[in-house]
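Residues per chain are reported as follows:
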Amino acid sequence: MGFTLRFQDKVAIVTGGSSGIGAATVQRLVREGARVLIADLNPPQETSDAVAFHRTDVTSPTDATAMVEAAVALFGRVDVLVNNAGIGCLDETPDLDPVVWNRVFDVNVSAVFYVCRAAIPVMARQGGAIVNIASVSGLAGDYGFTAYNASKAALINYTRSLALDCAHDGIRVNALCPGTVAGTAMGVGAHGSAADRQAWLDPIPLGRMGTVEEMANIIAFLASNEASYMTGSIVVADGGTTAH
Ligand code: NAI
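Residues numbered from 1 in each chain as written. Predicted model: local features only at pLDDT ≥ 70, side-chain atom pairs only at ≥ 80, totals over all residues. Heavy atoms only, no water.

Q: What exactly am I supposed to notice about the environment of Leu201 here?
A: On the secondary structure map, Leu201 appears in helix α5 (residues 194-201). According to the relative accessible area criterion, Leu201 is buried, its value standing at 18%. A sequence separation of 21 residues divides Leu201 from Thr180, and the C-alpha atoms of the two residues are 8.4 Å apart. In this structure Leu201 touches Gly207, Arg208 and Met209, once residues within four positions along its chain are discounted. (Helix = DSSP H or I, 4+ residues; strand = E, 2+ residues; numbered from the N terminus. Buried < 20%, exposed > 50% of the residue type's maximum accessible area, 1.4 Å probe, protein only. Contact = heavy atoms within 4.5 Å.)

Below is the structure:
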């Protein structure tokens, strides 16, 4: 497959870029000419001239600021921010521990605010694009996922409101809502029995889980100038699951 160079001379930050959807996004952006700072708790499998790692806990406002400073020090600017770091949580109210609820909201919602707060003044120098990785779980309920679903719903509406605030700075803000994605550390495909996997597959009209590369394709599109008239958009990629 041939690739264009939509990110030539562009600099991106990808949170949670050491694994799963984030790692595939880093590869895709680099293949299209970007230099990328991976901000993650854990280092990626490899770095290069175009890919740097900055150890970051996105739930720390101090770390978020240091991460943006590191990107500017290394690469001179920030054009693209992919807020991808996230954690899952199986729970049922009333058994759910408030500590766990708060941790899910810290990583999936508050951290996105901390990172955007740090990055937007730098991105506003030349404009750019923010892509938040939400989930179809933020669009409806699921059994046993109250904290996760509530956090992703909050992220979706944060995306819409942030898009309004950032429009005058030339920064577009959109969200991707993946359905069930295979091949990630956190994805349901990574855990459980064959019966569990089948239960996740049954409602997917396309009959299979998504791949990390398919998610990276959409993230790269939203981050590129091809999506220049899109802001505040919530894009679903779920094999048709929410079309039911
Ligand atoms: P993953 O578990 O493979 O990767 C997540 C990355 O985030 C890891 O590298 C982890 O170290 C990093 N991370 C976690 N907490 C962090 C923190 N406090 N600071 C910095 N980095 C942190 O997960 P996956 O599946 O690739 O998920 C990526 C995003 O996609 C998440 O926001 C998730 O909610 C979302 N998503 C995933 C789906 C799936 O089926 N895998 C479906 C829908 C949404």
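Don't stop here, the text continues.
Q: Teacher, can you tell me more about the packing of aromatic side chains here?
A: Inspection of every chain in the model, using the stated rule, returns four aromatic pairs. With a centroid separation of 5.6 Å and 55° between ring planes, the pair formed by Phe113 and Tyr114 is classed as tilted. An aromatic cluster is built from Phe145, Tyr148 and Trp200, whose rings are joined through pairwise contacts. (Phe/Tyr/Trp six-rings, centres within 6.5 Å; stacked < 30°, edge-to-face > 60°.)

Q: What's the story with the layout of surface pockets in this structure? I'm lost.
A: Using a probe with the size of a water molecule, rolled over the atoms, empty space left in the structure can be pinpointed. In this structure, the second largest pocket spans a volume of roughly 350 Å³. Broken down by secondary-structure element, the contributors of at least two residues to the lining of the second largest pocket are α1 (20-31) and α6 (212-223). Here the lining of the second largest pocket takes six residues from α1, the largest share from any one element. Residue classes in the lining of the second largest pocket are distributed as eight nonpolar, nine polar and two charged. (1 Å grid on protein atoms, 1.4 Å probe; cavity = no way out; pocket = protein on both sides within 12 Å on 5 of 7 lines; lining within 4 Å. Points joined across faces, edges and corners; volume = space filled by probe spheres on them. Nonpolar A, V, L, I, M, F, W, Y, C, P; charged D, E, K, R; others polar.)

Q: Even after reading the chapter, I still don't get unusual backbone geometry, so can you show me in this structure?
A: It is generally the case that most residues other than glycine have a negative phi and that most peptide bonds are trans. Cis geometry marks the peptide bond from Thr93 to Pro94; its omega dihedral reads 20°. One can find Pro94 in the loop between β4 (80-83) and α3 (98-123). With a phi angle near 70°, Asp9 is a residue other than glycine that sits in the positive phi range. Looking at the secondary structure, you find Asp9 in the segment before β1 (11-15).

Q: Honestly, the sheet that holds strand β6 (residues 171-178) in this entry has me stumped. Any pointers?
A: Picture the strands of a sheet paired through backbone hydrogen bonds; they go either parallel or antiparallel. Read across the open sheet, the seven strands follow the order β3-β2-β1-β4-β5-β6-β7; overall the sheet is parallel. The open sheet has two free edges, formed respectively by β3 (51-55) and β7 (234-237), since each of these has just one partner strand. Averaged over neighbouring strand pairs, the angle between their axes works out to 20° when direction is ignored. Pairing between β1 and β4: three bridges, direction parallel. Looking across to β4, one finds that Ala12 is bridged to Val80. On top of the sheet, α3 reaches β1, β4, β5 (128-133) and β6; it is set at about 175° to β4, its chief contact. (Pairing = 2+ DSSP bridges. Axes fitted to C-alpha atoms, helices over the stretch in contact; angles between N-to-C directions.)

Keep in mind these values describe shape, not function.
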